[in-house]
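Coordinates in review
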Amino acid sequence: MNLPELGAFLRTRRDRVRPAEVGLPQGPRRRVPGLRREEVAQLAGLSADYYTELERSSAKNGVQPSAQALAALARALRLNDDERDHLFRLAERPIPLSAHGPSAHVQPALLGLLDRLSNTPARVITDLHETLAENDLAQHLLGKSPAHRGPAASFVYCWFTDPQTRERYPAEDHPHHSRVFVADLQAAAARRGRDAEVTKMVAALRRRSQEFAALWDTHDVAVRRMDHKKIVHPALGVIELDCYNLLSEDGRQRLLWFTAPPGSRGAEQLELLSVIGAQELRFTEGTAPERSSAAESGSLR
């Protein structure tokens, strides 16, 4: 592993990223134009000490960044594909060939847009519906995505194999979502060709779900770009939202976000969602949440 080159590369990439690009305040006391070390560590989900050792090329503690840590750094530093590959080569790690899994590289353009969607639920997913990145509102609306990877992390896979996955959607809408998911997966399978990942996933779904097998055999195909959804939230009840998808150039990743017409009940519920989410966060940190005045006034009816 070329630690000096790895550290130098990380430093130059960190200096290049402006705080506003990743949703951080510029601040009057900032002495560097780019990100601080601790900010990169926070964005990548690493400890500040660990990242500092990487950047300073310290081998005293046997620093050996995993593929998952490198992928997280590539996302935090907004590296393009060539830069991501270079980072993996410097760390002497195999370059991930797949757009999926723990080492998946989120398209910088989609990640940049996600950073700017702070007032609406949004996430970046793969064409197999595996979440790669999401904002807090998406977690508050849809629940946390699986921490593991592989077929079981795919929302489509869970939709047909785990009944609890459907609890966030009214039962009368389940047939529609099933058809849409299968048609979208057909498009992904055709785009990928003889891809082992999607072939394995489809085979497993055919074995485990008669509903999926029947829908797959219809050969209906349609890339999902927009849909109207009803989502059952445990505190806000049924929320009606429009769901949009922006696809990457190769079609393997997409930015998914939810909106509602201004003045609609859905728009009001989205505003409440951020309040409730903040209360839940304080609760998990040890502070009991206060009741929302909007909830008490009947806005959650």
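Along each chain, residue indices are assigned from 1 in the same order as the chain's sequence is written. At least 70 in pLDDT is required for a residue's local features to be given in this predicted model, at least 80 for side-chain atom pairs to be given and counted, and no such filter applies to totals for whole chains, interfaces and linings, which use all residues. Calculation of side-chain values draws on the structure's entire complement of heavy atoms; hydrogens and water are dropped beforehand.

An unreviewed UniProt entry annotates the chain as Helix-turn-helix domain-containing protein originating from [Kitasatospora] papulosa.

**A look at a negative patch on the surface**
Only residues whose relative accessible area exceeds 30% and that form no salt bridge enter a patch; like-charged residues are grouped when within 9 Å of one another, and nonpolar side chains (Val, Leu, Ile, Met, Phe, Trp, Tyr) when within 5 Å. Using a 1.4 Å probe, the Shrake-Rupley method yields the accessible areas, and only the shown protein chains count as cover for residues. What counts as a salt bridge is simple: a side-chain nitrogen of Lys or Arg found within 4 Å of a carboxyl oxygen of Asp or Glu. Two residue types count as positive, namely Lys and Arg, and two as negative, namely Asp and Glu; His and chain ends fall outside the count. Here the site of a charge means NZ on Lys, CZ on Arg, CG on Asp, or CD on Glu. Side chains of Asp81, Asp82, Glu249 and Asp250 sit close together on the surface and give a patch of like negative charge. Structurally, the position occupied by Asp250 is in the loop between strand S4 (237–247) and strand S5 (253–259). For the exposure calls, accessible area comes from a 1.4 Å probe over protein chains only, and a residue counts as buried if that area is under 20% of its type's maximum, exposed if over 50%, partly exposed in between. Judged by its relative accessible area of 42%, Asp250 falls in the partly exposed class. Helix numbers and strand numbers start at the N terminus; a helix is a DSSP run of H or I with at least 4 residues, a strand a run of E with at least 2.

**Describing the pairing of S5**
For S5, a buried count of 5 out of 7 residues is recorded, marking the element as mostly surrounded by other parts of the structure. Strands were regarded as paired on the criterion that DSSP finds at least two bridges between them. Inspection of the sheet shows strand S1 (residues 122–126) paired to S5 by 5 bridges, in the antiparallel sense. Of the residues in S5, the one forming a bridge with Arg123 is Leu256. Of the pairings in the sheet, the one linking S4 to S5 comprises 6 bridges and is antiparallel in character. Residue pairing across strands places Tyr244 opposite Trp257, the latter belonging to S5. Linking two consecutive strands that pair antiparallel, namely S4 and S5, is a turn of 5 residues; a positive phi of about 80 degrees is found at Gly251 within it.

**What about the nonpolar core?**
The biggest cluster of nonpolar side chains holds 36 residues, and the ones touching the most others in it are Leu141, Phe160, Leu185, Phe212, Leu241 and Phe258. Elements supplying a minimum of two residues to this core: helix H7 (136–142), helix H8 (155–161), helix H9 (174–192), helix H10 (196–208), helix H11 (210–216), S4, S5 and helix H12 (265–284). What makes two residues a contact is simply this: any of their non-hydrogen atoms within 4.5 Å. In this structure, Leu185 is in contact with Leu128, Val156, Val198, Met201, Val202, Leu205, Phe212 and Trp216, ignoring residues within four places of it in sequence. Core analysis: the next-biggest nonpolar cluster, separate from the first, contains 25 residues, Leu3, Leu6, Val22 and Leu54 among them. For our purposes a nonpolar core is just a set of buried Ala, Val, Leu, Ile, Met, Phe, Trp, Tyr and Cys residues, chained together by side-chain atoms within 4.5 Å.

**Here's the deal with helix H5 (residues 81–90)**
Listed as buried for H5 are Glu83, Arg84, Asp85, Leu87, Phe88 and Leu90. Buried-residue contacts for H5 involve helix H1 (3–16) and helix H4 (67–76). Where H5 starts, the residue carrying a side-chain oxygen 3.1 Å from the main-chain nitrogen of Asp82 turns out to be Asn80. One or two residues past the end of H5 sits Glu92, with phi positive at roughly 55 degrees. Counted as a polar contact is a pair of N or O atoms within 3.5 Å, where, for protein atoms, one must be capable of donating a hydrogen and the other of accepting one, and residues adjacent in sequence contribute only when both atoms are in side chains.

**Some words on the sheet that holds strand S3 (residues 226–233)**
Remark on secondary structure: sheet strands pair via backbone hydrogen bonds, oriented parallel or antiparallel. Taking strand neighbours across the sheet as the criterion, the 5 strands line up as S2-S1-S5-S4-S3 in an open arrangement whose pairing is antiparallel. Looking along the sheet, the strands with just one partner apiece sit at the ends: strand S2 (131–134) and S3. Each adjacent strand pair in this sheet contributes to an overall mean axis angle of 30 degrees, direction not counted. An axis is simply a line fitted to the C-alpha atoms; with a helix, the fit covers only the stretch in contact. Between two such axes, the angle follows the N-to-C directions and lies from 0 to 180 degrees.

**Thoughts on the environment of Trp216**
Its place among the elements puts Trp216 in helix H11. Given the relative accessible area of 12%, Trp216 is considered buried. Residues contacting Trp216, with those up to four places away along its chain left out, are Val182, Leu185, Gln186, Ala189, Val202 and Arg206.

**Considerations on the pattern of salt bridges**
Using the criterion set out here, one finds 15 salt bridges in the structure. For Asp85, the salt bridge is made with Arg84, and the minimal N-O distance between the two is 2.7 Å. Given the relative accessible area of 16%, Asp85 is considered buried. Put simply, Glu211 and Arg166 hold a salt bridge, and the shortest N to O gap is 2.8 Å. Of this pair, Glu211 sits in helix H11 while Arg166 sits in the loop between H8 and H9, and the two are 45 residues apart along the sequence. Look at Glu211 and you get partly exposed, because its relative accessible area is 32%. Connected through shared salt-bridge partners, Asp127, Arg191, Arg192, Asp195 and Glu197 make up one network.

**Brief notes about the environment of Gln269**
Its place among the elements puts Gln269 in helix H12. With a relative accessible area of 2%, Gln269 lands in the buried category. Distance from Gln269 to Leu236, taken between C-alpha atoms, is 6.8 Å for residues 33 residues apart in sequence. Every residue in contact with Gln269, bar those within four places of it in the chain, is listed here: Leu236, Val238, Ile239 and Glu240.

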